[in-house]
Amino acid sequence: MSIKIYHNNSCSKSRIALAELTKSGEDFEIINYLENVPSVEELKAIVQKLGIRPFQLVRTTEKIYKEKFGNLNLSDEEWIKAMHENPILIQRPILVKGDVAVIGRS
C-alpha cells in the first residue's frame, strides 16, 4: 500500500516531507492538490482519517481565509465545501496510508 502525499511545491514543509518520503524508499503518490482538487468525499475521508474536525484542516493564515471566511462560523459540511472550492485553504502536506493520515508539520 503506497502513501499519498497531498503536496504544494511552494510550501517548504511540503517540500521537506516529499524529500523525506523520497529518502525513505516507500512507494508514494504525489497529489498536487491545487491542480487535482480533492473531492468533497475525499476531504471528508481525510478529515476522518486525521481524527479532526474540518476547521482544523483550514489554513487560517491564508489571505482568502482572512478576507472571505475569518468572521464566519461555518458548519463542518460548509468548511469541507469551502476547502474544496478554495484548496489553498487546506493544511499541507497531508500524508495518507490506508486508514491513517497525518499533517506533516513539526
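J.: I keep staring at the overall build of the protein chain and nothing clicks. Help me out?
T.: Helix and strand counts for the protein chain stand at 4 helices and 4 strands. Reading the protein chain from its N terminus to its C terminus gives the helix and strand order β-α-β-α-α-α-β-β. Taking 106 residues into account, the globule formula puts the C-alpha radius of gyration at 13 Å, and the protein chain, at 13 Å, falls close to it. In terms of its C-alpha atoms, the protein chain occupies a principal-axis envelope of roughly 45 × 25 × 25 Å. Going through the 106 residues of the protein chain one by one, you find that 37% of them count as buried. Pairs at least 24 residues apart make up 67% of the contacts formed inside the protein chain by residues separated by at least 6 positions.

J.: Would you mind showing me how to read the side chain of Gln91 here?
T.: Looking at the element boundaries, Gln91 is found in the loop between α4 (76-85) and β3 (94-97). One polar contact links the side chain of Gln91 to the main-chain carbonyl oxygen of Val58, over a distance of 3.4 Å. Not counting the four nearest positions on each side in its chain, Gln91 is found in contact with Gln56, Leu57, Val58, Arg59, Ile103 and Arg105.

Definitions and cut-offs
Residues numbered from 1 in each chain as written. Predicted model: local features only at pLDDT ≥ 70, side-chain atom pairs only at ≥ 80, totals over all residues. Heavy atoms only, no water. Helix = DSSP H or I, 4+ residues; strand = E, 2+ residues; numbered from the N terminus. Rg over C-alpha atoms; globule rule 2.2 N^0.38 Å. Buried < 20%, exposed > 50% of the residue type's maximum accessible area, 1.4 Å probe, protein only. Contact = heavy atoms within 4.5 Å. Polar contact = N/O pair within 3.5 Å; in protein donor to acceptor, adjacent residues only side chain to side chain.

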